[in-house]
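# Structural overview
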Amino acid sequence: MTGPESADALREAAQPGAGEVTATVIVNAPASRVFAALLAWERQSDWIPLTRVRVVEGDGREGSRIEAVTALGRATLRDEMLVVRVDEPYEIGVVHHGQVLRGPGVLRCTELGQARTQVVWHEWFHLPGGAAGRIAWPVLWPGSKLGLTQALKRFARLVEQGRLP
């Protein structure tokens, strides 16, 4: 994504969409360890089902390009992200800018004590399909929330077991 047309497309993708979903989990680990585990992009494959994540360009921090491919049988969904903010150990901001998944997202860590951290995963997706997408969103939203919540619970277990980062 280069050039002025791409910059405009990225600015448009960075605007919050109508499809909003949030998941939260408490991790029994210090915020610095939890944050390091969130920044270990390729390890997301360990806690996000059916998904392979890789750093396409950069070091995983601000300015890096990340690709997540979710596959179920022959059906695949490619999620392209640009890391737009890393405020260690508090927040990672991304912009999803692929053909289907578009919009800003954030992972936030809040220290609740020396060994407890709240993680909030929040996404504001542009809904594909125009009016049909807006009509379908209330049906799809519970599954999206459940999927994010289950992934974060898996993430918490792996961090607490010392298997992440």
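Cut-offs used in this document
In this convention, every chain numbers its residues from 1, walking through the sequence in written order. Only residues with pLDDT of at least 70 get local features here, since the model is predicted, and only at 80 or more are side-chain atom pairs given and counted; chain-wide, interface and lining totals rely on the full set of residues. The basis for every side-chain value is the complete set of heavy atoms in the structure, and neither hydrogens nor water enter the calculation. A run of H or I in DSSP counts as a helix once it spans at least four residues, and a run of E counts as a strand once it spans at least two, with each numbered from the N terminus. Relative accessibility under 20% of the residue-type maximum defines a buried residue, over 50% an exposed one, and the middle range a partly exposed one, all with a 1.4 Å probe and only protein chains included. Think of a nonpolar core as a cluster: buried Ala, Val, Leu, Ile, Met, Phe, Trp, Tyr and Cys residues, connected wherever their side-chain atoms sit within 4.5 Å. We call two residues in contact whenever any of their non-hydrogen atoms come within 4.5 Å of each other. The rule for pairing is simple: two strands pair if DSSP sees at least two bridges between them. For helices, the fitted line uses only the C-alpha atoms of the stretch in contact; every axis is such a line through C-alpha atoms, and the angle between N-to-C directions lies from 0 to 180 degrees.

The next point concerns unusual backbone geometry. Of note, the amide linkage connecting Glu88 to Pro89 takes the cis form, showing an omega dihedral of 0°. In the segment running from Leu164 into Pro165, the intervening peptide bond is cis, with an omega of 0°. Along the polypeptide, Pro165 turns up in the segment after helix 3 (130-160). One non-glycine residue, Leu50, lies in the positive phi region at around 60°. In this fold, Leu50 is placed in the loop between helix 2 (31-39) and strand 2 (51-57). Using a relative accessible area of 53% as the deciding quantity, one classes Leu50 as exposed.

So, about the nonpolar core. By size, the foremost hydrophobic cluster in this structure holds 33 residues, and its most contacted members are Val27, Val34, Leu38, Trp47, Ile92, Val119 and Phe155. Listing elements by their share of this core, those giving two or more residues are strand 1 (19-27), helix 2, strand 3 (65-72), strand 4 (75-87), strand 5 (91-97), strand 6 (102-113), strand 7 (116-125) and helix 3. By residue number, the principal contributor to this core is helix 3, which donates seven residues. Residues contacting Val119, with those up to four places away along its chain left out, are Ala23, Thr24, Val25, Val27, Val34, Leu38, Arg108, Cys109, Leu152 and Phe155.

On to the sheet that holds strand 3, then. As summarised here, the arrangement of the seven strands in space is 1-7-6-5-4-3-2, forming an open sheet in which the pairing is antiparallel. Here the strands that pair on one side only, and so sit at the sheet edges, are strand 1 and strand 2. Across the sheet, the axes of successive neighbouring strands diverge by a mean angle of 20°, strand direction being ignored. Examined bridge by bridge, strand 3 and strand 4 share eight bridges and lie antiparallel to one another.

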